[in-house]
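# Residue-level structural notes
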Amino acid sequence: STDSLGVAPILTKLQKDCATPLPVLRHVADAMADDMRAGLAVDGGSDLKMILSYVDTLPTGNEKGLFYALDLGGTNFRVLRVQLGGKEERVVATEFEQVSIPPELMFATSEELFDFIASALGKFAQKEGGNFELQQGRAREIGFTFSFPVKQTSIRTGILIKWTKGFAVSGTAGKDVVACLNEAMERRGMDMQVSALVNDTVGTLAGARYWDDDAMVAVILGTGTNACYVERVDAIPKLTKRMSKSPITIVNTEWGAFSNGLPLTEFDREMDAESINPGEQIFEKTISGMYLGEIVRRVLVKMAKVGGLFGGSYVPEKLVTPFVLRTPDICAMQQDTSRDLEAVESVLYDVAGVKSDLSARKTVVDICDTIAKRGGRLAGAGIVGILQKMDEDSKGLIFGKRTVVAMDGGLYEHYPQYRGYLQEAVTELLGLEISKNVVIEHSKDGSGIGAALLAAANSKYE
Ligand code: ADP
């Protein structure tokens, strides 16, 4: 390939455009804190919606009894039951099932969808065995994790704004999804009712808090990304109607919409422009699992076309399809420690149908690393932004003592380099001493039990 530019200048420019030196991280953390304040001041005041969760009672560990959780966030939903035994016994027993939603129900009526969910939940409840026992005179209470945009109006009411993720169910938008589910359960004569409507990040925070009193922030890094944290009610100017006497409440930041001062490349801009939501969710498009592989793919296409990555200007046909290269693929390539980079070779062959030489494979690993590094470090800066905001408001109560950030999501769980870069950025920003107080850890049981715990903490019978 005599007329190609070579890969080196393209890689160098990519690394420069993706660089996240300390001043960039610091700017992102500061801007995150500023945007949080603006979003708390008035609705629509910032990229960050700073949604009030109406969760102002977190689990303490003292909860007792049988509780259910229902998690609806995609084409599968999970049902779970847990028997809580209080401070000493904790989780006595737990069981769960996953149910896939028949594709035709994604285009059905609201009644049809919720009847199906209620029926699956009812069948699951009927299989309740000897390890589980409902207290006399109580209905079975459910924590309902519903990962679609809702306008929450109390701990157990939320109006669906719109369906996303391929759902086109008619007749739910504008309605209270808790009422929809409760009515479906009533139609079947079930003794179950929703006690808490929960965002998945809020469920994660509740699950972490049950085990650890220092859990203050939860972050999900999966297909998408979001974060929530414990806020003081008197730091929320837009909260005018106080619902309870609690001095704290959980705020769902919807931080995926953050966009201030991010180091972006031509590849990010093109991906955004061709996306279904151009100009929106820019932080999410830079750091979350749905997009990292796609950014790498776009770099590879350019390097093949003008850099001679695969010889001449040969662009493998399969590589031109958006989203064929997935984040688990780039993660797998980065785990390759073999001398000949055999795993990289097979991913490139399987995904793009291309035969690569060793130098091309090395370049591909460098690109994956560049994109994962930027994502992980920016996620870390976002976390520091949240902690910084909390610390300033509480005059040192965050950094001056142990604080836990509960992490969940497939990207965080399965991508060790990404996780390492995230921690590295947090340590760089906070310094060694303070960062010892900030514990960033994978939350064991995810949001499932968390939702059941929130049903317990917000029980109608207490
Ligand atoms: P979701 O966010 O879709 O509710 P998860 O939290 O399980 O569900 O996250 C799934 C996402 O995690 C995938 O879309 C993918 O981007 C990312 N992921 C899954 N496995 C891996 C992996 N091995 N390496 C890197 N990322 C992964």
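Here the structure is a predicted model, which is why all the values come from computation and not from measurement.

Overall, mixed pairing links the 6 strands, which are arranged S1-S11-S10-S9-S12-S13 in an open sheet. Edge positions in the sheet fall to strand S1 (51-52) and strand S13 (438-442), since each of these pairs with one other strand and no more. Bridging between strand S9 (residues 215-221) and strand S10 (residues 225-232) involves 5 bridges; their strand directions are antiparallel. Across the sheet, residue Val217 finds its bridge partner in S10, namely Tyr229. Helix-sheet contacts for helix H6 (residues 200-211) involve S9, S10, strand S11 (248-252) and strand S12 (403-408), and the interaxial angle to S9 is about 135°.

Near the ligand the following residues occur: Gly222, Thr223, Gly289, Met290, Thr327, Pro328, Cys331, Gly409, Gly410, Leu411, His414 and Tyr415. Measuring from an oxygen atom of the ligand, one finds a backbone N or O atom of Gly289 at 3.2 Å. Leu411 places a main-chain nitrogen or oxygen 3.3 Å from an oxygen atom of the ligand. Of all elements in the fold, only helix H9 (289-307), helix H10 (327-334) and helix H13 (410-414) reach the threshold of two or more residues within the shell around the ligand. Here the shell around the ligand is built from residues that sort into 5 nonpolar, 7 polar and no charged.

The subject of this paragraph is the sheet that holds strand S2 (residues 64-72). What the 5 strands build is an open sheet, ordered S4-S3-S2-S5-S8; its pairing is mixed. With one partner strand each, in any of the chains shown, strand S4 (91-100) and strand S8 (192-198) form the two edges of the open sheet. Strand-to-strand twist across the sheet, computed as the mean angle between neighbouring axes with direction ignored, equals 20°. Pairing of S2 with strand S3 (residues 76-85) involves 9 bridges; the strand directions are antiparallel. Bridge pairing in S3 links Asp71 to Arg78. Docked against the sheet, helix H4 (residues 110-126) engages S2, S3, S4, strand S5 (140-146) and S8, running at close to 40° with respect to S3. Helix-sheet contacts for helix H5 (residues 177-187) involve S2, S5 and S8, and the interaxial angle to S8 is about 165°.

Here is what the cut-offs are and how they apply
Residues numbered from 1 in each chain as written. Predicted model: local features only at pLDDT ≥ 70, side-chain atom pairs only at ≥ 80, totals over all residues. Heavy atoms only, no water. Pairing = 2+ DSSP bridges. Helix = DSSP H or I, 4+ residues; strand = E, 2+ residues; numbered from the N terminus. Contact = heavy atoms within 4.5 Å. Axes fitted to C-alpha atoms, helices over the stretch in contact; angles between N-to-C directions. Near = heavy atom within 4 Å. Polar contact = N/O pair within 3.5 Å; in protein donor to acceptor, adjacent residues only side chain to side chain. Nonpolar A, V, L, I, M, F, W, Y, C, P; charged D, E, K, R; others polar.

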